[in-house]
Amino acid sequence: MLIDSGQKTIQIKLVFYGPAMSGKTTSWKYLIRLFKKNVNVESVSIDTAHSANARTLFFDFGTFKMKVGEWTIQLNVWTATGQDFYCVTRETVLQGTDGIIFVAESQKSLRPENEKSWKELQDFFRGDLEKSIPVTICLNKRDLSDIIPLGAFLNDIQMQPHTRVFETIAIDGINIQNAFLNNISQILERNKNLIKIKDLIFSLPVLKN
Ligand SMILES: Nc1nc2c(ncn2[C@@H]2O[C@H](COP(=O)(O)OP(=O)(O)OP(=O)(O)O)[C@@H](O)[C@H]2O)c(=O)[nH]1
Ligand SMILES: [Mg+2]
C-alpha cells in the first residue's frame, strides 16, 4: 500500500489468484465493467495477449480511482495466470500485493486443483499467507450442476476462521463485488493505524450493476 498524505491518495494492489480456468479473468472483467459504468471512477485496463482459447498468458491488469471523501483510492487489480506453463509469472504478479482473492473451482472433477493452487500460494508466503495478507475466497461457478458442496470445500482448504468464502457466479457477477469489497475492507482495516481514517472502511461505494 502506498499512502501519499499530501495528495491524499492511497494505492492498493490486489491480485486474483487460483487454479486454471476457475474464473479469475471473468471476475476481473466484471469489475472493470462495473467500475467503467460508474461516473466517479477513472479506469484503465489491459488484458495481456490471450491465447486463441482465451487463456490468460501472463496477467490482466486494471486500475481504478475512486473518490472517498477527500481521499482518492487507486485500486490496482491484477489476475495471475492459472496455466502451469507460465507459473513463474505468478510469483512476480504477487509481488507487493496488499490482498488476494482466491478464485476456486466448484466442479467436483477439479477438486484437487484447488488444493494444489492453495498450497502453492501458501508456499509463496512460507505458510504465513493469511497472517501476512488479507485473503478472500470466491468459490466460483456455483451455477453448474456437479459441484463440490460448500462444507466439503471448507474441509479441503484449511483456512483461518477470519477468511471469508463467497459463493460466486462470475459470468453473472454474482457476489463478485461483495468479495472484492470484503478484501478491500480487510486491507484498510489492517492498515488503519497508517491511514488514520477509519471512516474510509465504512464509506466504500457500492457500485450499481
Ligand atoms: N458456468 C460458469 N462458467 C464460468 C464462470 N466463471 C467463469 N466461467 C467460464 O470459465 C472459463 C474460464 O474463465 P476465465 O475467467 O478465463 O478463467 P481464468 O481463471 O482467468 O483462467 P486462466 O487465466 O487460464 O487461469 C470461461 O469459459 C468462462 O466463461 C461461472 O461462474 N460459471
Ligand atoms: Mg485468466
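In the block above lies the structure referred to throughout.
About the thresholds
Residues numbered from 1 in each chain as written. Chains lettered and ligands numbered in written order. Predicted model: local features only at pLDDT ≥ 70, side-chain atom pairs only at ≥ 80, totals over all residues. Near = placed C-beta within 6 Å. Nonpolar A, V, L, I, M, F, W, Y, C, P; charged D, E, K, R; others polar. Helix = DSSP H or I, 4+ residues; strand = E, 2+ residues; numbered from the N terminus. Expected span 1.5 Å × (residues − 1). Contact = placed C-beta atoms within 7 Å.

Enquirer: I'd like to hear about the site of ligand 1, residue by residue, with values.
Expert: In the neighbourhood of ligand 1, 21 residues make up the surrounding shell, with Gly-23, Thr-25, Thr-26, Thr-56 and Gly-82 lying closest. Its residues assigned to classes, the shell around ligand 1 comprises seven nonpolar, 10 polar and four charged.

Enquirer: Tell me about helix H3 (residues 111–124), and name the residues and values.
Expert: For an α-helix, the turn length of 3.6 residues means that residues three or four places apart are oriented alike. Here H3 contains 14 residues, and its C-alpha end-to-end distance of 21 Å stays within 8% of the 20 Å for a straight helix at 1.5 Å per residue. Packing partners of the buried residues in H3 comprise strand E2 (9–17), strand E6 (99–104), helix H4 (129–132) and helix H5 (150–156). Arg-126 lies just past H3 and shows a positive phi near 50°.

Enquirer: Outline the environment of Val-15, supporting the account with residue identities and numerical values.
Expert: Relative to the assigned elements, Val-15 resides in strand E2. Counting along the chain gives 44 residues from Val-15 to Phe-59, while the straight-line C-alpha distance between them is 9.7 Å. Ignoring anything within four residues of it in the chain, the contact list for Val-15 reads Trp-78, Ala-80, Val-93, Leu-94, Thr-97 and Ile-100.

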